[in-house]
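# What the coordinates show
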Amino acid sequence: MIRVENVSKKYGPLLAVDNISFHVERGGVVGFLGPNGAGKSTTMKILTCFQPATSGSASVAGFDVFKQSLEARRRTGYLPENTPLYPEMRGDEFLHFRGKLRGMQRPQRLEAIKRVTDRCWLGDFISRPIGHLSKGMRQRVGLADAMLHDPDVLVLDEPTIGLDPNQIRETRSLIKELGERHTVLLSSHILHEVEQTCDRTIIIAAGKIIASGSTDELQKQFSAHARVIAEIKGPADEMAAGVKALPGVQDVEVTASDGWVRLAVSPKPDHDVREDLFKLATSKGWSLREIRLEGATLEDFFVKVTAEQQRSHPL
Amino acid sequence: MGNILTMARRELGAYFLSPIAYVVIAIFLFTSGLVFGIGAFQPGAEASLRTLFDFWIILILALVLPMLTMRLMSEELRSGTIETLMTAPITEIEVVVGKFVGAMAFYGAMLATLLIYPIILSMYGNVDPVMLLCNYIGLLLLGGLYITVGLFFSTCTKHQVVAILLTAGVLAFMTFAFDPLSQLLEGWPRVILQQLSVRTHFHDFVRGLIDLNHLAFFVTMVGLFLFLAVKRLEMRRWQ
């Protein structure tokens, strides 16, 4: 449904998106996760035909976003960041205007407006001037607009930013529901949100895709990178040799201080060496004061990535 | 075509939902009424709107129409609605022409209010209907040019104040400065400046003449600035 091939985007000397590729099949919610300034919005602008890529190609619902832009736009619903709307218009006026731009006839528009008003819980707010609505309500009007023509693909840029916790929960459950009928691509810089709403996650930082997959897959991928940290009292050399000889151990770093030896063990993929370490220590009679997994969660990984991007691209 | 009308209707509606439209109409009615009352509506004077149309209306329009055009694109650029607009299936040409048509419709309504003056005059003398028609055609062309210039500058900046200042400056220059400046020059530069002077081209319409040369000037200039506005809007994508 969405194909992105080797897309790069430069703003002057700044490389906002650096040669990214990904495919999204029909249906489901795909999360675009990354720290601020990672290139999420830029990628979305390219996909929704707002700005062309500097190089590479992208297509939505089988239509190239550059060469068949109007066709691609007909099949896409887009909620830009910060939900820009015309404050002087009433909600239903706005939706009529948008429906007309989408080539919908009046009966069709009335039906569609009723449908999106119900789905976005707009109720009577739909007939109020948009400028008088709260941030959350405006967000819903924007979402209603994106869904109005029942598009194949919905692109939602930070759909929950600026909402209160209740509204966030409602919006998330709406997005999940939308994923049953449409292909939804949403961006977020909140890991927790993506974990909750998305079937698949694409992690992007400094313009590059650094990981993608379902939450479980990602979880597995990162626990493979996790290290086991242990602190044991005993002779450092003997300990290093003994640990290295364990079957699941790939590598070990040893640092000794005031009698205690700190081991940072990198296990082989799909091996948990904690039990072996414990057994080794007890068989030798060494005392063990700490043993833990480091960097095992997606969160640890995400925090690390975010920090790295900030170091290399200070904003 | 459908998109152009949709866009035009939205713009026209937006005018009436903002205070600017009412301010513009108020200034327009007040100043034109003042000129009519003091200049044209005098015993013994000719039963025409020549005093009003010859100079004052050009000045009033050059000041008032930029207020009408400044928000056309600038507001979309500032608030970010350009993003929702240009990701809908609508082309840049349709957006620009639609906004032009919307502003022209509003301007048309403004001009219609001026009809009160010939009606008053016809109670006291004979108003030449052909002359009046010529005047109105001229005013539509003049306003059309002013609106496209304003629309073009509005696509250039997200700051409405910048748009209005640029527009009013350029309009004042094109209208009033080219003719006196041309007097200082000799040969072909003089001819070019004379040919570009908006006031000179407008003048025959006031006298009740429709000259193809003048008609062509206004139509070409309107086309040129619409074209520039479309190109400017298309450029935005590459920035």
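Note that the structure is a prediction, hence the values are computed from the model and not measured.

### Notes on the overall build of chain A
- Within chain A, the regular secondary structure consists of eleven helices and 14 strands.
- Since a compact globule built from 315 residues should have a radius of gyration of about 20 Å, the 25 Å found for chain A marks it as more spread out than a globular shape.
- With respect to the principal axes defined by its C-alpha atoms, chain A has extents near 85 × 40 × 35 Å.
- The buried share of chain A, taken over its 315 residues, is 50%.
- In chain A, once contacts between residues fewer than 6 apart in sequence are set aside, the share between residues at least 24 apart is 67%.
- For chain A, the separation between the mean place of its 42 positive charges and that of its 41 negative charges on side chains is 5 Å.

### Re the sheet that holds strand β1 (residues 2-11) of chain A
Residue and element names in this part refer to chain A.
- Strand order in the open sheet formed by four strands is β2-β1-β4-β5, and the pairing between neighbours is antiparallel. The open sheet has two edge strands with one neighbour each: β2 (14-24) and β5 (63-64).
- Summarising the sheet, β1 and β2 pair through seven bridges and their orientation is antiparallel. Each bridged residue has a counterpart across the sheet, and for Val7 the counterpart in β2 is Ile20.

### Structural notes on the domain arrangement of chain A
- According to the domain assignment, chain A contains domain 1 (2-221) and domain 2 (227-294).
- If you average the C-alpha positions of domain 1 of chain A and of domain 2 of chain A, the two centres end up 48 Å apart.

### Quick notes on the interface of chain A and chain B
- With 26 residues of chain A at the contact, the number on the chain B side is 25 residues.
- In total, chain A and chain B occlude about 2,500 Å² of area from one another, counting both sides; carbon and sulfur atoms represent 61% of this.
- At the junction of chain A with chain B, the criterion picks out one salt bridge.
- The tally of links between chain A and chain B comes to seven residue pairs in polar contact (both at pLDDT 80 or more).
- Secondary-structure elements contributing two or more residues to the side of chain A that touches chain B are β1, α2 (69-74) and α3 (91-101) of chain A.
- With five residues, α3 of chain A is the largest single contributor of residues to the side of chain A that touches chain B.
- Looking at the side of chain A that touches chain B residue by residue, the class counts come to 14 nonpolar, two polar and ten charged.

### Examining the side chain of Lys40 of chain A
All names here are of chain A.
- Inspection of the secondary structure puts Lys40 in helix α1 (residues 40-47).
- A polar atom in the side chain of Lys40 sits 3.1 Å from the backbone oxygen of Pro35.
- If sequence neighbours within four positions are ignored, Lys40 has contacts with Phe32, Leu33, Gly34, Pro35, Glu158, Ser187, Ser188, His189 and Ile204.

### Section: helix α10 (residues 274-284) of chain A
Residues and elements named next belong to chain A.
- Residues of α10 that are buried include every one of Leu277, Leu280 and Ala281, and no others. What you see down the axis of α10 is that its buried residues fit within an arc of 95 degrees, all on one side. More than 90 degrees from the buried face of α10, the exposed residues found are Glu275 and Ser283.
- Among the structural elements, β11 (227-233), α9 (236-244), β13 (260-267) and β14 (287-294) are those in contact with the buried residues of α10.

### Overview of the side chain of Ser41 of chain A
- As for its placement among the helices and strands, Ser41 of chain A is situated in helix α1.
- At a separation of 3.1 Å, a polar atom in the side chain of Ser41 of chain A contacts the side chain of Glu81 of chain A.

### Some words on the packing of helix α6 (residues 92-113) of chain B against helix α12 (residues 212-235) of chain B
Residue and element names in this part refer to chain B.
- At a minimum axis separation of 9 Å, α6 and α12 run at an interaxial angle of 130 degrees. As summarised for this structure, α6 and α12 are arranged oblique, according to the angle between their axes. As for the relative orientation of α6 and α12, their crossing is right-handed in sense. Residues Glu92, Ile93, Val95, Val96 and Phe100 of α6 pack against Val222, Leu226, Ala229, Val230, Leu233 and Glu234 of α12.
- Of the residues contributing to the contact of α6 with α12, the split by class is nine nonpolar, no polar and two charged.

### Considerations on the packing of aromatic side chains
- One pass over the full model with this rule turns up 14 aromatic pairs over all chains.
- Judged by centre distance (5.3 Å) and plane angle (75 degrees), the ring pair of Phe217 of chain B and Phe218 of chain B falls under edge-to-face. By the burial criterion, Phe217 of chain B is buried, and Phe218 of chain B matches it.
- Following the ring pairs from residue to residue traces out a cluster consisting of Tyr15, Phe16, Tyr22 and Phe106 of chain B.
- Directly above the aromatic system of Trp260 of chain A lies the positively charged group of Arg289 of chain A, at a separation of 4.4 Å from the ring centroid.

### Quick look at the nonpolar core
- Leu145 and Tyr146 of chain B are the most contacted members of the largest nonpolar core, which has 113 residues in total.
- Counting residues per element, this core draws most heavily on helix α8 (residues 129-156) of chain B, at twelve residues.
- Apart from residues lying up to four places away in sequence, Leu145 of chain B is in contact with Met174, Val198, Phe217, Phe218, Met221, Val222 and Phe225 of chain B.
- Formed by 27 residues, the second largest nonpolar core is a distinct cluster that contains Met1, Phe22, Phe32 and Cys49 of chain A.

### Focus on the sheet that holds strand β8 (residues 183-188) of chain A
All names here are of chain A.
- Pairing is mixed across the open sheet formed by six strands, whose spatial order is β6-β7-β8-β3-β9-β10. The open sheet terminates on both sides in strands that have one partner only, identified here as β6 (76-79) and β10 (208-213). Adjacent strand axes in the sheet meet at a mean angle of 15 degrees when their direction is disregarded.
- Pairing of β6 with strand β7 (residues 153-157) involves four bridges; the strand directions are parallel.

### A short note on the pairing of β7 of chain A
All names here are of chain A.
- Burial analysis of β7 places five of its five residues in the buried class, which makes it a mostly covered element.
- The side-chain alternation of β7 yields two buried faces, one formed by Val153, Val155 and Asp157 and the other by Leu154 and Leu156.
- Where β7 lies against β8, five bridges are found, and the strand directions are parallel. Directly across from Leu154, in β8, lies its bridge partner Val184.
- On the question of chirality, the crossover connecting β7 to the parallel β8 by way of helix α6 (residues 165-181) is right-handed.

### Notes on the packing of helix α2 (residues 19-40) of chain B against helix α7 (residues 116-124) of chain B
Residues and elements named next belong to chain B.
- Where α2 contacts α7, the axes come no closer than 11 Å and their chain directions differ by 25 degrees. In terms of their interaxial angle, α2 and α7 are classed as roughly parallel. The handedness of the crossing between α2 and α7 comes out as right-handed. For the pair α2 and α7, contact is made by Leu29, Ser32, Gly33 and Phe36 and by Tyr117, Ile120 and Leu121, respectively.
- Residues of the contact of α2 with α7, tallied by class, amount to five nonpolar, two polar and no charged.

What counts and what doesn't
- Residues numbered from 1 in each chain as written.
- Chains lettered and ligands numbered in written order.
- Predicted model: local features only at pLDDT ≥ 70, side-chain atom pairs only at ≥ 80, totals over all residues.
- Heavy atoms only, no water.
- Helix = DSSP H or I, 4+ residues; strand = E, 2+ residues; numbered from the N terminus.
- Rg over C-alpha atoms; globule rule 2.2 N^0.38 Å.
- Buried < 20%, exposed > 50% of the residue type's maximum accessible area, 1.4 Å probe, protein only.
- Contact = heavy atoms within 4.5 Å.
- Lys, Arg positive; Asp, Glu negative; His and termini not counted.
- Charge placed at Lys NZ, Arg CZ, Asp CG, Glu CD.
- Pairing = 2+ DSSP bridges.
- Domains from an automatic or database assignment.
- Buried area = accessible area lost by both parts, 1.4 Å probe.
- Salt bridge = Lys/Arg side-chain N within 4 Å of Asp/Glu carboxyl O.
- Polar contact = N/O pair within 3.5 Å; in protein donor to acceptor, adjacent residues only side chain to side chain.
- Nonpolar A, V, L, I, M, F, W, Y, C, P; charged D, E, K, R; others polar.
- Arc of directions from axis to C-beta.
- Axes fitted to C-alpha atoms, helices over the stretch in contact; angles between N-to-C directions.
- Parallel < 35°, antiparallel > 145°, perpendicular 65-115°, else oblique.
- Left-handed = near helix turned anticlockwise from the far one by under 90°.
- Phe/Tyr/Trp six-rings, centres within 6.5 Å; stacked < 30°, edge-to-face > 60°.
- Lys NZ or Arg CZ within 6 Å of the ring centre and 35° of its normal.
- Core = buried A, V, L, I, M, F, W, Y, C linked by side-chain atoms within 4.5 Å.
- Right-handed = clockwise from strand over helix to strand, strands pointing away.

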